[in-house]
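Next come the chains, spelled out residue by residue.
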Amino acid sequence: FVRIAAYLTLTAILLPVQAFALRFNRPLSVSLPLFYHRTCSRLLGFHVRVHGKMHAEPPVLFACNHTSYSDIAVLGSLLPASFVAKAEVAGWPLFGVLAKLQRTVFVDRRAIKATGQRDEMIRRLEASDNLILFPEGTSSDGNAVLPFKSALFSVAQVEPHGRPLVVQPVSLAYTRLDGMPVGRALRPYFAWYGDMTLAPHFWEVAGLGHATVDVVFHPPVTIAEYESRKALADHCQAVVARGVSAANAGRLDALIPATSS
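The rules behind the values
Residues numbered from 1 in each chain as written. Predicted model: local features only at pLDDT ≥ 70, side-chain atom pairs only at ≥ 80, totals over all residues. Heavy atoms only, no water. Core = buried A, V, L, I, M, F, W, Y, C linked by side-chain atoms within 4.5 Å. Buried < 20%, exposed > 50% of the residue type's maximum accessible area, 1.4 Å probe, protein only. Helix = DSSP H or I, 4+ residues; strand = E, 2+ residues; numbered from the N terminus. Contact = heavy atoms within 4.5 Å. Salt bridge = Lys/Arg side-chain N within 4 Å of Asp/Glu carboxyl O. 1 Å grid on protein atoms, 1.4 Å probe; cavity = no way out; pocket = protein on both sides within 12 Å on 5 of 7 lines; lining within 4 Å. Points joined across faces, edges and corners; volume = space filled by probe spheres on them.

(A) Region of the structure containing the nonpolar core. Membership of the largest hydrophobic core comes to 39 residues, with the highest contact counts inside it found for Phe 46, Val 74, Leu 75, Leu 172, Phe 190 and Val 215. Mapped onto this core, the elements with two or more residues apiece are helix 1 (2–23), helix 2 (28–43), strand 1 (46–52), strand 2 (60–64), helix 3 (70–76), strand 6 (166–177), helix 6 (198–206) and strand 8 (211–217). A total of 5 residues in this core trace back to one element, the largest contributor, which is strand 6. If we ignore the near neighbours within four places in the chain, the residues touching Phe 190 are Phe 46, Ser 68, Ser 70, Tyr 174, Leu 177, Val 182, His 201, Leu 208 and Ala 211. Counting residues in hydrophobic clusters, the runner-up holds 25 residues, among them Leu 165, Val 221, Ile 223 and Val 240.

And the structure:
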């Protein structure tokens with residue numbers, strides 16, 4: 001209860017500030033979400049360990065596996081970027097408003113909308129905005145990474161500022177709870193998927209102890225290195241899946257040095 005109350009209080013205070021910064025195109029509209037998500041992650045008891053190095057020069061399309069709505073806070077605490085989300089999120093209570101205030105690009109699954117949505121993503125990338133993509137198209141149970149949808153990589157074919165778009169695969173895994181490894185049985189406490197109801201799940205997450213989240217930045221690539229967007233999607237899925245598997249097995253530290261946040 002204390003964690004949720006603190007989360008809602010912080011949100012109520014910063015929401016109008018972000019709305020003002022976004023309305024008048026202030027630099028604060030980029031830096032404030034980083035502070036907000038970083039603080040929310042700590043309030044909810046998430047200890048984030050970073051492995052590898054984020055590609056710093058925008059624009060970047062970050063391609064990450066998706067386990068839960070809490071991925072938003074974890075990734076948002078690290079990346080100066082906007083998310084690409086399914087259109088239904090725009091109508092969610094509170095979370096829909098927060099998504100809009102972070103300039104989320106909403107993707108409609110209907111083919112008739114595909115061209116306009118692709119154009120919006122291209123416009124944002126050409127404006128040097130970083131985007132975070134969940135190519136699985138849905139959340140999973142956290143034990144394995146679902147196939148990546150190649151259609152979502154169509155924007156990788158553009159060349160902002162005359163250079164191939166950088167795509168960086170990212171793995172995210174909830175690996176420890178109060179210092180103990182999170183096994184297959186405990187992972188659904190963090191994962192939100194299937195027909196789970198949001199409010200009761202969020203109550204459970206807020207009631208957990210202190211969780212360790214491993215985020216792995218893999219070497220960036222461009223579509224020029226592959227024959228097609230499907231080949232690019234397959235490469236990113238394989239790399240992300242290996243990272244998630246290594247994190248779940250507790251083998252990351254032996255492969256890549258970690259820094260905490």
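(B) Region of interest: the pattern of salt bridges. Scanning all chains against the criterion turns up 7 salt bridges. The residue Glu 120 makes a salt bridge to Arg 123 at a minimum N-O spacing of 3.0 Å. Here Glu 120 and its partner Arg 123 are both found in helix 5 (residues 114–126), 3 residues apart, which amounts to about one turn of the helix. What makes Glu 120 partly exposed here is its relative accessible area of 28%. The exposure class assigned to Arg 123 is partly exposed, which follows from its relative accessible area of 46%. In this structure, Asp 234 and Lys 230 form a salt bridge, with 3.0 Å as the shortest nitrogen-oxygen distance.

(C) A look at the side chain of Gln 237. In this fold, Gln 237 is placed in helix 7 (residues 229–248). Setting aside residues up to four positions removed in sequence, Gln 237 forms contacts with Val 145, Leu 146, Pro 147 and Phe 148.

(D) Layout of the layout of surface pockets. Quantified by volume, the second largest pocket comes out at close to 380 Å³. Forming the walls of the second largest pocket are 24 residues, and the residues nearest its centre are Val 30, Pro 80, Ser 82, Arg 103 and Asp 129. If you list the elements that add at least two residues to the lining of the second largest pocket, you get helix 1 and helix 2. In terms of residue count, helix 2 provides more of the lining of the second largest pocket than any other element does, 5 residues in total.

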